[in-house]
Amino acid sequence: MVTTVTVNPAIDRTLIVNEFKIGAVNRVSRTIIDAGGKGVNVAKNLKNLGCDVKCLGFMGPNGKYIENVLSELGIKFNFVQIKNDIRTNIKIVDEIRHTYTDINEAGPDVSQDEIEKLILSINEHADLSDVIVLSGSLLPNMDKDFYRQIIEKVSEKGVKVILDADGDALKLGVEGKPYMIKPNIHELRRMTGKNLESVDEIIEEGMRIIESGISIVAVSMGGSGSIVVTEDKAYKVKPIKVQVKGTVGAGDAYVAGFAYGLSENLSIEEAIKMASSASTSVIMREGTKACSLKDVEELKEKVEIEVIER
Ligand SMILES: Nc1ncnc2c1ncn2[C@@H]1O[C@H](COP(=O)(O)OP(=O)(O)OP(=O)(O)O)[C@@H](O)[C@H]1O
Ligand SMILES: [Mg+2]
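For the structure given in this document, a descriptive report is provided here. (Residues numbered from 1 in each chain as written. Chains lettered and ligands numbered in written order. Predicted model: local features only at pLDDT ≥ 70, side-chain atom pairs only at ≥ 80, totals over all residues. Heavy atoms only, no water.)

Regarding the overall build of the chain
Here's step 1: Scanning the chain for helices and strands turns up 10 helices and 15 strands.
Here's step 2: In terms of its C-alpha atoms, the chain occupies a principal-axis envelope of roughly 60 × 45 × 40 Å.
Here's step 3: Taken across its 310 residues, the chain has 50% of its residues classed as buried.
Here's step 4: Across the chain, the fraction of contacts at a sequence separation of at least 24, relative to all contacts at a separation of at least 6, is 64%. (Helix = DSSP H or I, 4+ residues; strand = E, 2+ residues; numbered from the N terminus. Buried < 20%, exposed > 50% of the residue type's maximum accessible area, 1.4 Å probe, protein only. Contact = heavy atoms within 4.5 Å.)

Section: the environment of Leu49
Here's step 1: Structurally, the position occupied by Leu49 is in the loop between α1 (38-48) and β4 (53-59).
Here's step 2: Linking Leu49 and Ala278, residues 229 residues apart in sequence, is a C-alpha distance of 8.5 Å.
Here's step 3: Not counting the four nearest positions on each side in its chain, Leu49 is found in contact with Ala256, Gly257, Tyr260, Met274, Cys291, Leu293 and Val296.

What about unusual backbone geometry?
Here's step 1: Positive phi is not limited to glycine here, since Leu196 has a value of about 45°.
Here's step 2: You can call Leu196 buried: its relative accessible area is 4%.
Here's step 3: Positive phi outside glycine occurs at Asn265, with the angle close to 55°.
Here's step 4: By secondary structure assignment, the location of Asn265 is in the loop between α8 (250-263) and α9 (268-283).
Here's step 5: Relative accessible area serves as the criterion here: at 64%, Asn265 is assigned to the exposed category.

A few points about the site of ligand 1
Here's step 1: Around ligand 1, the surrounding shell holds 20 residues, and the nearest of these are Lys38, Lys182, Asn184, Ser220 and Gly222.
Here's step 2: Here an oxygen atom of ligand 1 and a side-chain polar atom of Lys38 are 2.9 Å apart.
Here's step 3: When ligand 1 is considered free in solution it has 630 Å² of accessible area, and contact with the protein chains removes 83% of it.
Here's step 4: Sorting the residues of the shell around ligand 1 by element identifies α8 and α9 as the ones contributing at least two each.
Here's step 5: When residues in the shell around ligand 1 are grouped by element, the largest group, 4 residues, is from α8.
Here's step 6: Tallied by class, residues from the shell around ligand 1 come to 7 nonpolar, 10 polar and 3 charged. (Near = heavy atom within 4 Å. Polar contact = N/O pair within 3.5 Å; in protein donor to acceptor, adjacent residues only side chain to side chain. Areas by Shrake-Rupley, 256 points an atom, 1.4 Å probe, with all protein chains shown as cover. Nonpolar A, V, L, I, M, F, W, Y, C, P; charged D, E, K, R; others polar.)

Concerning the pairing of strand β9 (residues 131-135)
Here's step 1: Taking burial as the measure, the 5 residues of β9 include 5 buried ones, the bulk of the element.
Here's step 2: Alternating positions in β9 separate into two faces, Val131, Val133 and Ser135 on one and Ile132 and Leu134 on the other, with burial throughout.
Here's step 3: Here strand β1 (residues 2-6) pairs with β9 via 4 bridges, running parallel. Along β9, the bridge assignment pairs Thr4 with Val133.
Here's step 4: In this sheet, strand β10 (residues 160-164) lies alongside β9 in parallel orientation, the contact comprising 5 bridges. (Pairing = 2+ DSSP bridges.)

What about the pattern of salt bridges?
Here's step 1: Under the criterion given, the structure shown has 21 salt bridges.
Here's step 2: With its nearest N and O atoms 2.7 Å apart, the salt bridge here joins Glu205 to Arg208. Taken together, the residues Glu205 and Arg208, both in helix α7 (residues 199-211) and 3 residues apart, mark about one turn of the helix.
Here's step 3: By relative accessible area, Arg208 is classed as partly exposed at 41%.
Here's step 4: One salt-bridge network, held together by shared partners, links Lys194, Glu204, Glu205 and Arg208. (Salt bridge = Lys/Arg side-chain N within 4 Å of Asp/Glu carboxyl O.)

Things to note about the sheet that holds strand β7 (residues 87-94)
Here's step 1: The strand order across the open sheet formed by 4 strands is β3-β2-β7-β8, and the pairing between neighbours is mixed. Strands at the two margins of the open sheet, each flanked by one partner only, are β3 (28-36) and β8 (99-103). Strand after strand, the sheet turns through a mean of 20° between neighbouring axes, direction not considered.
Here's step 2: Relative to β8, β7 runs antiparallel, the two being bridged by 5 bridges. Note on β8: the bridge partner recorded for Val93 is Tyr100.
Here's step 3: The sheet contacts of helix α2 (residues 64-73) involve β2 (10-17) and β3, and relative to β3 the element is tilted by about 70°. (Axes fitted to C-alpha atoms, helices over the stretch in contact; angles between N-to-C directions.)

As for the nonpolar core
Here's step 1: Grouped together as the largest cluster of nonpolar side chains are 46 residues, with contacts concentrated most on Leu46, Ile66, Val133, Ile162, Val228 and Phe258.
Here's step 2: Among the elements that make up this core, the one with the highest residue count is α8 (8 residues).
Here's step 3: Setting aside anything within four residues of it in sequence, one finds Phe258 in contact with Ile162, Met180, Ile216, Ala218, Val228, Ile268, Ala271, Ile272 and Ala275.
Here's step 4: With 45 residues, the next largest nonpolar core counts Ala126, Leu134, Ala165 and Ile227 among its residues. (Core = buried A, V, L, I, M, F, W, Y, C linked by side-chain atoms within 4.5 Å.)

With respect to the packing of aromatic side chains
For any two aromatic rings, the description comes down to two numbers: the centre-to-centre distance and the angle of the planes.
Here's step 1: Here the structure, examined in full by the defined rule, presents 3 aromatic pairs.
Here's step 2: Judged by centre distance (6.1 Å) and plane angle (55°), the rings of Phe146 and Tyr147 are tilted. Judged on exposure class, the residue Phe146 and its partner Tyr147 are both buried.
Here's step 3: Taking 6.1 Å as the distance between ring centres and 40° as the angle between the ring planes, the aromatic pair formed by Tyr254 and Phe258 counts as tilted. Taken as a pair, Tyr254 and Phe258 lie in helix α8 at a separation of 4 residues, close to a single helical turn.
Here's step 4: Judged by its relative accessible area of 0%, Phe258 falls in the buried class. (Phe/Tyr/Trp six-rings, centres within 6.5 Å; stacked < 30°, edge-to-face > 60°.)

In structure tokens form, the structure reads like this:
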């Protein structure tokens, strides 16, 4: 089983407004509500890939919508119920001017007791899981090294942890030595403080991280594909050429594909193919949709990987 952890879930509210004006009253022509938060998105992708998956994290009194969506999709969950509401992220889409405005809340405060309940729950699920995915931002009043604490606790149980975060959550999280990290190139640059312009520099940096005790470093680079570094090889993964309809959620699908591969004990090349084709399936579709298994099966044959022996 794969367990995903969403510390900071979100209700994504997309408002379609024609000719959006700042400082004026705007009329909404259509509203689309979506269950968001990175771990929730990873779980939706895993479900579509046919993987046994469960969602953990925090959920507030206003989070019933997300739980209903997960139930309808047949995705298991066991959130720690917190006192405060979870965040709502507003996306304003102007279909006439083609502008996209995101207004994202930071997320609620949580109590020490609520945090401890989540740590306990993740720890219990670690015994039942092949892979744990820790993804997305932490809540403002949580310790910045929360992911490190979790990784250190669960890794001794033999479960493989994938960390997909940014800023301090990533920087401190890697100190816990997760099994795999999946920064995009910008997150890797922020984490290392280096420019990392060329493929060689990225591979070299990946090797340095591997030497610190992490087994897989997958660096996604949007339309330029990805680079994966392991203990003995590096893989340059070409992007699959498709018509791009929207890149939101590509990274979450990439993580899901890899998590699937690790949980099924696929070879690293097969896992890369799953990750690359799941993310490509998402960008072929409009909005924040999860990947489709049919797409993934077709796209897998098109993934081109250059293997570099280290
Ligand atoms: N424009 C594109 N063309 C082809 N493939 C793409 C494109 N954008 C993303 N991908 C695919 O999706 C993968 C992950 O994308 P990206 O690097 O944008 O992730 P991310 O920045 O973590 O995204 P997210 O916003 O979901 O966190 C890429 O490695 C690639 O396989
Ligand atoms: Mg990402």
